[in-house]
Amino acid sequence: MRARAPLLGLALALVLAAGAAAQARRVAEQQVQDVAAQLRCVVCQNLSVADSPSEMASQMRAIVRERLEAGEAPAQVVQYFVERYGEWILLSPRRHGFNLLVWAMPAVAVAVGFTLVGLVLVRWTRRGAAAGRVAATPVDTAMRDRIRRELEP
Amino acid sequence: MIPELGSAAAIVALALALWGAVAAATGARTGRPALVLSAQHAALGVFVLVTACFALLTYAFLIFDFSVRYVAINTNLGTPFYYRITGVWGALEGSIILWTWMLALYTLIVILRHRESAHELYPWVLTVMLSVMAFFLLVITVAAPPFARLTPVPADGRGLNPLLEDTGMITHPVALYLGFTGVTVPFAFALAALITGRVGDAWITLTRRWTIIAWYFLSLGLLIGGWWSYHVLGWGGYWAWDPVENAAFMPWLTATAFLHSVMVQERRRMLKLWNLWLVILTFGLTLFGTFLTRSGVIASVHAFTQGSIGVFFLSFLALVLLTALALLAWRWDALSAQGELDSVVSRESAFLLNNVLLIAAAFTVFFGTVFPLLSEAVRGVKVSVGAPFFNQVNVPLFLALIFLMGVGPLIAWRRASPDNLRRSFLWPVAVGVAAAALFSALGIRSTLAVLALALTVFVAATIAVDFSRATRARLRMGERLLPAMGGLLRRHNRRYGGFVVHLGILIVTLGVTGSQAWSVQTETTLRRGEAAELAGYRVRFDGLTATEESNHFKVAGAFTVSNGRVLSVLRPAKKFYPQEQSPIAGVDYRLGFGEDVYLVLGDFARDGSEATVKLQVNRLVSWIWIGGAVLTLGALLAILPDRKKPA
């Protein structure tokens, strides 16, 4: 009785595997590329598995294709590599926890920059308007009169 | 004997540079021109000595002097003559010599151009440049001595990194280093302005062309780097957001911001503090880039050997930034701006936004590049920040910049009247919107691609509007068409040089958009005589050939490419170097205006019966190189001396 449970399990696994194999489908090249582009080639420097010409990358692409053909979702394939190599394998850090910092930083930089520029512009235009008011009324008429006088023969 | 001469030359040069820096400063403070003259002679002496170092190291390469460690590591008896020369700067020690030599050269040109002017800034400029040189000479004598001996003397050397065996090795580093070191000149003028308290516009006027020259070489270096990556590294791309590419890109971004914001200072006497800061930041980033490449803290294709050198660069960077900040604080009163503006809708605003976006992009690149270090320090988890991240966060910034590139040059200073806006932008906006509609109708799915292309059309239209308006004004003066156009380019060479650079950027944008949106690739294993198909091309595998080269063994496949008719036979290869563990890919390609066919050889059967090949059809990539050529031509036009209208 006790020996049967593993056997049953094995049988179940075989059936499931057969089912998966039956479902094995032609996976479009593009899908393989899309997954591979998210992964870092482990022997190269800063190249994705999709781009790298190394043999290691080519083997990793083959694994991606196999797993996709076995019916795994792209996210599952990615997770498989993360479990084996750690988060380091992802070329783009996942958006949670501490990593949010690197994702938020560009927006923060732009927001801070725009705020500062906004403040500067407001100050400048106020000063410009003040200078304009002072300059506009008396000088303008006086100047105009002078010019007129000097233009007259 | 020869290596000892080289080491001695470096030590004497260091002493001379230190003396010169002190002499120029003392001469300036006590008003003794003899000391400044002495500093000039010291700078000349440094140039001669560094040239000697460079020549001696080259000589050691040419005669295979393997008793010199640097030579033994970077060359072997099989290294061809040409690469024994370029190999001199193929690694850390030699590259620092090249760098120092260029700095000495720039210093010499600064002396020749500015010594007669007897400007108050001049002696301090000498001090700063000689100090920077002294730092690099210190690195040469202490941290990375190129002439260090190796015992026992090996019978043969290890050999150059195979990826460096390319003609790009002469142009790419030379251009990039001329850019990096060129930034030292405006930086020296900026510090001199702060030290003397003459923080007005003199230093800006004096360094305007220096900055464009540095920018020109930085751009050229980046572009050639892209081309090198495309045709040597064998991954089918031109930009990988590698930490060291980023290190060169950051000063380019801040230098670009500076080139724009100086116009506000020249025209409106505003942003004095900001411009000083931008130059200091740009110089700091060139040091930071050297630190990244040479310290080995971050893994990268460009990583040089590691060692104590990182500490040197980081300390010097800290020293530079602290000194600069202290000087800025000291001169704060003189720098507090008195800006005024009539309306937020004005060219000043456009320039400010341009600066925000460029600096935000530089900061994004910086933070992304160092984030892996931060993550490891804080969480103890290694993460990667690579191309998908940088593309995603930078593309919106760059698109906004392209939009401003259309607005900035045409909008009026101080206040843009509704009439100015209508005359300048009605047509360009209409054309841009029409282009967006057309591209969507043509079935371009990617929103980003449509946006990028429509913005490109919009900016091109603004340039056309401006150029035709100015040409028509000249025609009314009775000039003929071609002389009118030529005269515009020549007389207003800065403005129209700028437009040509913008045009170049637009063409590059077209290439980048095309290659990102429409390139396709496939990978397949073919038996001899079998063919693969992709995007209308048929690629047939015809067999393998093996050849023995002077320093490596090469296996090349022959692939016939056809699309109905035979186009060419491509021979991608794998090169096996004894000093490398894994083979180096040698790609082959057929370039075209619309698309490139690009082949990378993968695994193969030893008997040549089958081979795996990666086949890429890369779209519009050629326009990146064409745009690059246009951009550098524009920069050259802007560098030409101003020619005032004859009175």
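Predicted model only: the values in this text are computed from it and were never measured.

K.L.:
Explain the overall build of chain B to me, please; I cannot follow it from the model alone.
P.N.:
What chain B contains, in helices and strands, is 20 helices and 10 strands. In summary, chain B has a C-alpha radius of gyration of 27 Å against a globular reference of 26 Å for 647 residues, a match within 12%. C-alpha atoms of chain B, sized along the principal axes, occupy 80 × 70 × 60 Å. The 647 residues of chain B split such that 57% are buried. Residue pairs in contact within chain B that sit at least 24 positions apart in sequence constitute 72% of those at least 6 positions apart. When the accessible surface of chain B is totalled, it reaches about 26,300 Å², and 65% of it is carbon and sulfur.

K.L.:
Could you clarify how one ought to interpret a nonpolar patch on the surface in this entry?
P.N.:
On the surface, a cluster of nonpolar side chains totalling about 360 Å² of accessible area is made up of A:Val108, A:Val112, A:Leu116 and A:Leu119. With respect to the secondary-structure elements, A:Leu116 resides in helix 5 (residues 100-151).

K.L.:
Could you clarify how one ought to interpret the interface of chain A and chain B in this entry?
P.N.:
Contacts between the two partners involve 41 residues from chain A and, on the opposite side, 54 residues from chain B. Between chain A and chain B, a total of about 4,100 Å² is buried, with carbon and sulfur atoms accounting for 65% of that surface. Counting across the interface, chain A meets chain B through 3 salt bridges. The partner of B:Arg379 in a salt bridge is A:Glu87, with the nearest N and O atoms 3.0 Å apart. On inspection of chain A and its partner chain B, the count reaches 13 residue pairs in polar contact (both at pLDDT 80 or more). Counting only elements with at least two residues in the side of chain A that touches chain B, the list comes to helix 2 (29-36), helix 3 (55-69) and helix 5 of chain A.

K.L.:
Please explain the pairing of strand 2 (residues 531-534) of chain B as it appears in this structure.
P.N.:
A regular strand places its side chains on the two faces of the sheet in alternate fashion. All names here are of chain B. A one-sided burial pattern is seen for strand 2, the buried positions being Ala532 and Leu534 and the unburied ones Ala531 and Glu533. Bridge analysis of strand 2 against strand 3 (residues 537-548) gives 4 bridges, and the strand direction is antiparallel. Bridge assignment links Glu533 to a residue of strand 3, and that residue is Arg538. Hairpin connection from strand 2 to strand 3: 2 residues lie between these consecutive antiparallel strands, with Ala535 at a positive phi of about 50°.

K.L.:
When you look at the pattern of salt bridges in this model, what are you seeing that I'm missing?
P.N.:
Pairing is possible between side chains that carry opposite charge, provided their charged atoms lie close to one another. Residues and elements named next belong to chain B. Applying the stated rule across the entire model yields 19 salt bridges over all chains. For Arg198, the salt bridge is made with Glu120, and the minimal N-O distance between the two is 2.4 Å. Remark: Glu120 occurs in the loop between helix 5 (92-114) and helix 6 (122-143) and Arg198 occurs in the loop between helix 8 (184-196) and helix 9 (202-232); sequence separation between them is 78 residues. In this structure Arg198 comes out as partly exposed when scored by relative accessible area, which is 39%. Two residues, Arg494 and Glu266, come together in a salt bridge whose shortest N-O distance is 3.1 Å. Here the residue Arg494 occupies a position in helix 19 (residues 493-518), and Glu266 occupies one in helix 10 (residues 243-268), the gap between them amounting to 228 residues. Residue class for Arg494 comes out partly exposed when judged on its relative accessible area of 27%.

K.L.:
Even after reading the chapter, I still don't get empty space enclosed by the protein, so can you show me in this structure?
P.N.:
With the rule as written, the count across this model stands at 3 cavities of 30 Å³ or more. Its boundaries defined by the atoms lining it, the largest cavity holds a volume of some 90 Å³. Around the largest cavity sit 14 residues that line it, and A:Pro53, A:Arg61, B:Glu523, B:Leu601 and B:Gly602 are the ones nearest its centre. For the lining of the largest cavity, the elements supplying multiple residues, two or more each, are helix 3 of chain A together with strand 9 (595-604) and strand 10 (610-619) of chain B. The leading source of residues in the lining of the largest cavity is strand 9 of chain B, at 4 residues. Its residues assigned to classes, the lining of the largest cavity shows 4 nonpolar, 4 polar and 6 charged. In this structure, the second largest cavity spans a volume of roughly 60 Å³. Taken together, B:Val183, B:Pro186, B:Thr211, B:Ala214, B:Ala255, B:Phe258, B:Val279 and B:Thr282 make up the lining of the second largest cavity. Elements with a minimum of two residues in the lining of the second largest cavity: helix 9, helix 10 and helix 11 (272-295) of chain B. Here the lining of the second largest cavity is built from residues that sort into 6 nonpolar, 2 polar and no charged.

K.L.:
Please explain the pairing of strand 5 (residues 565-570) of chain B as it appears in this structure.
P.N.:
Residues and elements named next belong to chain B. Sheet topology note: the strand 4 (residues 553-563)/strand 5 ladder contains 5 bridges and is antiparallel. Bridging from a neighbouring strand, Asn563 pairs with Arg565 of strand 5. Linking strand 4 to strand 5, which pair antiparallel, is a turn of 1 residue; within it Gly564 sits at a positive phi near 90°.

K.L.:
Before we go on, may I ask you to explain the confidence of the model for chain B in this structure?
P.N.:
Atom-level detail of predicted coordinates should not be read off regions where pLDDT is low. Residue and element names in this part refer to chain B. On average, residues of chain B score 90 in pLDDT, and 97% of them are at 70 or above. The least confident element of chain B is helix 13 (residues 332-335), whose mean pLDDT is 81; the most confident is helix 2 (residues 33-62), at 96. Predicted complex metrics record ipTM = 0.85 and pTM = 0.90.

K.L.:
In this structure, what is going on with the domain arrangement of chain B? I would like to understand it.
P.N.:
For interface size, the figure often reported is the accessible area lost on association. Each domain of chain B was delimited in the assignment, giving domain 1 (1-165), domain 2 (417-518 + 624-639) and domain 3 (520-620). Using C-alpha coordinates to define each centre, domain 1 of chain B is positioned 43 Å away from domain 2 of chain B.

The rules behind the values
- Residues numbered from 1 in each chain as written.
- Chains lettered and ligands numbered in written order.
- Predicted model: local features only at pLDDT ≥ 70, side-chain atom pairs only at ≥ 80, totals over all residues.
- Heavy atoms only, no water.
- Helix = DSSP H or I, 4+ residues; strand = E, 2+ residues; numbered from the N terminus.
- Rg over C-alpha atoms; globule rule 2.2 N^0.38 Å.
- Buried < 20%, exposed > 50% of the residue type's maximum accessible area, 1.4 Å probe, protein only.
- Contact = heavy atoms within 4.5 Å.
- Areas by Shrake-Rupley, 256 points an atom, 1.4 Å probe, with all protein chains shown as cover.
- Patch = residues over 30% accessible without salt bridge, like charges linked within 9 Å, V, L, I, M, F, W, Y side chains within 5 Å.
- Salt bridge = Lys/Arg side-chain N within 4 Å of Asp/Glu carboxyl O.
- Buried area = accessible area lost by both parts, 1.4 Å probe.
- Polar contact = N/O pair within 3.5 Å; in protein donor to acceptor, adjacent residues only side chain to side chain.
- Pairing = 2+ DSSP bridges.
- 1 Å grid on protein atoms, 1.4 Å probe; cavity = no way out; pocket = protein on both sides within 12 Å on 5 of 7 lines; lining within 4 Å.
- Points joined across faces, edges and corners; volume = space filled by probe spheres on them.
- Nonpolar A, V, L, I, M, F, W, Y, C, P; charged D, E, K, R; others polar.
- pLDDT = per-residue confidence, 0-100.
- Domains from an automatic or database assignment.

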